[in-house]
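Survey of secondary and tertiary structure
The lines below spell out each chain.
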Amino acid sequence: HMLSGHSFNALLKTLEEPPTHVKFLFATTDPQKLPVTILSRCLQFNLKRMPVDMISGYLATVLEQENIPFSESALRILARAADGSMRDALSLTDQAIVAGGGAVSEDDVQDMLGLLPHEHLIGLLQAVADDDGARMLAIVGQMAQLTTDFTAAADSFISLLHSIAVQQVVAADEADVDVAAMAKLLSPADVHLYYQMALYGRRDLPL
């Protein structure tokens with residue numbers, strides 16, 4: 001998609017009368033920038049983002065073949081951080097192996113990615129549910145001592161509330177223990193309110 005108009009015109013002639021022994025493969029992240037004359041002569045395949053389960057499953061296969069110890073929870077964190085890209089997942093896994101001294105553990109992956117430990121998020125939500133402002137501020141203070149990226153923490157908190165809301169509507173047996181417990185403790189209305197507040201809080205955090 002970075003080719004000039006003259007380059008596309010030159011390419012078009014080749015595409016119209018290609019040599020029989022040649023196959024062209026074009027890859028772009030911006031297909032809308034390609035001329036229609038080029039697109040009309042191509043068979044298009046739109047690549048989808050890979051789901052978390054597929055990425056973590058493949059990472060497990062690779063690590064087993066390499067005889068590298070790992071935890072399933074660590075691989076799921078890496079898979080989510082990869083954001084649908086297997087290449088990014090493998091790159092992050094390489095970094096996690098180095099950070100973990102030859103193993104891939106949840107704590108090391110969280111430290112490497114600058115993520116907040118799960119118990120802090122649950123504790124924060126529990127303090128909100130208990131209307132305990134002092135404990136809530138104490139947890140935030142602990143987060144600050146961990147040099148927490150509060151934008152990432154807000155993202156994680158929003159994701160936690162989303163998981164709780166889903167659990168309340170569609171109860172899953174394999175759900176995280178803490179998520180299942182909070183889904184029973186909080187009312188759906190409160191979860192929705194906290195979710196909206198977290199969204200607005202994340203938006204306004206730079207202020």
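Everything below is about the structure printed above this text.
Before going into details, it helps to say that this report is about the structure given with it. (Residues numbered from 1 in each chain as written. Predicted model: local features only at pLDDT ≥ 70, side-chain atom pairs only at ≥ 80, totals over all residues. Heavy atoms only, no water.)

Concerning the overall build of the protein
Counting its secondary structure elements, the protein contains 11 helices and zero strands. Sequence-ordered secondary structure for the protein, helices as α and strands as β, is α-α-α-α-α-α-α-α-α-α-α. Scaling as 2.2 N^0.38, a compact globule of 207 residues should have a C-alpha radius of gyration of about 17 Å, whereas the protein reaches 23 Å, well beyond that. With the C-alpha coordinates of the protein rotated into their principal frame, the extents come out at 75 × 40 × 35 Å. The burial tally for the protein puts 28% of its 207 residues in the buried class. The long-range fraction of contacts in the protein, counting pairs at least 24 apart against all pairs at least 6 apart in sequence, stands at 58%. Roughly 13700 Å² of accessible area belongs to the protein as shown, and the carbon and sulfur atoms make up 57% of that amount. (Helix = DSSP H or I, 4+ residues; strand = E, 2+ residues; numbered from the N terminus. Rg over C-alpha atoms; globule rule 2.2 N^0.38 Å. Buried < 20%, exposed > 50% of the residue type's maximum accessible area, 1.4 Å probe, protein only. Contact = heavy atoms within 4.5 Å. Areas by Shrake-Rupley, 256 points an atom, 1.4 Å probe, with all protein chains shown as cover.)

Digging into unusual backbone geometry
Positive phi outside glycine occurs at N67, with the angle close to 55 degrees. Mapping N67 onto the fold places it in the loop between α3 (52–65) and α4 (72–82). Although it is not a glycine, D131 sits at a positive phi angle of roughly 60 degrees. Relative to the helices and strands, D131 is located in the loop between α7 (118–129) and α8 (133–145).

A few points about the pattern of salt bridges
By the definition in use, this model includes 10 salt bridges. A salt bridge links D53 to R76, with the nearest nitrogen and oxygen atoms 2.6 Å apart. One end of the pair, D53, is in helix α3; the other, R76, is in helix α4, and 23 residues separate them in sequence. Look at D53 and you get exposed, because its relative accessible area is 52%. For R76, a relative accessible area of 33% puts it in the partly exposed group. Linking D88 and R87 is a salt bridge whose minimum nitrogen-to-oxygen distance equals 3.9 Å. Its relative accessible area of 33% is what places D88 among the partly exposed residues. Bridged by salt links that share partners, the residues D130, D132 and R135 form one connected network. (Salt bridge = Lys/Arg side-chain N within 4 Å of Asp/Glu carboxyl O.)

With respect to the packing of helix α9 (residues 150–169) against helix α11 (residues 188–204)
In contact at an axis separation of 9 Å, α9 and α11 are set at 160 degrees when each is read in the N-to-C sense. The angle between α9 and α11 falls in the class roughly antiparallel. In terms of crossing hand, the pair formed by α9 and α11 is left-handed. In this structure, α9 uses T151, A154, D155, F157, I158, L161, H162, I164, A165 and Q168 to contact α11, whose residues at the interface are P188, V191, Y194, Y195, A198, L199 and R202. (Axes fitted to C-alpha atoms, helices over the stretch in contact; angles between N-to-C directions. Parallel < 35°, antiparallel > 145°, perpendicular 65-115°, else oblique. Left-handed = near helix turned anticlockwise from the far one by under 90°.)

Let's talk about the nonpolar core
Formed by 21 residues in total, the largest nonpolar core has its most connected members in L125, F157, L160 and I164. Among the elements of the structure, α7, α8, α9, α10 (177–185) and α11 are those that each provide at least two residues to this core. For this core, the element with the highest residue contribution is α9, accounting for six residues. Setting aside residues no more than four positions away along its own chain, F157 makes contact with L121, L124, L125 and A198. The next biggest cluster of nonpolar side chains, apart from the first, holds 18 residues, and it includes I55, L59, A82 and M86. (Core = buried A, V, L, I, M, F, W, Y, C linked by side-chain atoms within 4.5 Å.)

A short note on α4
Every buried residue of α4 is listed here: A74, L75, I77, L78, A79 and A82. Taken together, the buried residues of α4 touch α3, α5 (86–99) and α6 (106–113). Looking at the residues trailing α4, positive phi occurs at D83, about 55 degrees.

Overview of the environment of I122
Position of I122 among the secondary structure elements: in helix α7. On the accessibility criterion, I122 (12% relative accessible area) is buried. Each C-alpha atom, one on I122 and one on M136, is 11 Å from the other, the two residues being 14 residues apart in sequence. Apart from the residues within four sequence positions on either side, I122 is in contact with L160, D178 and M182.

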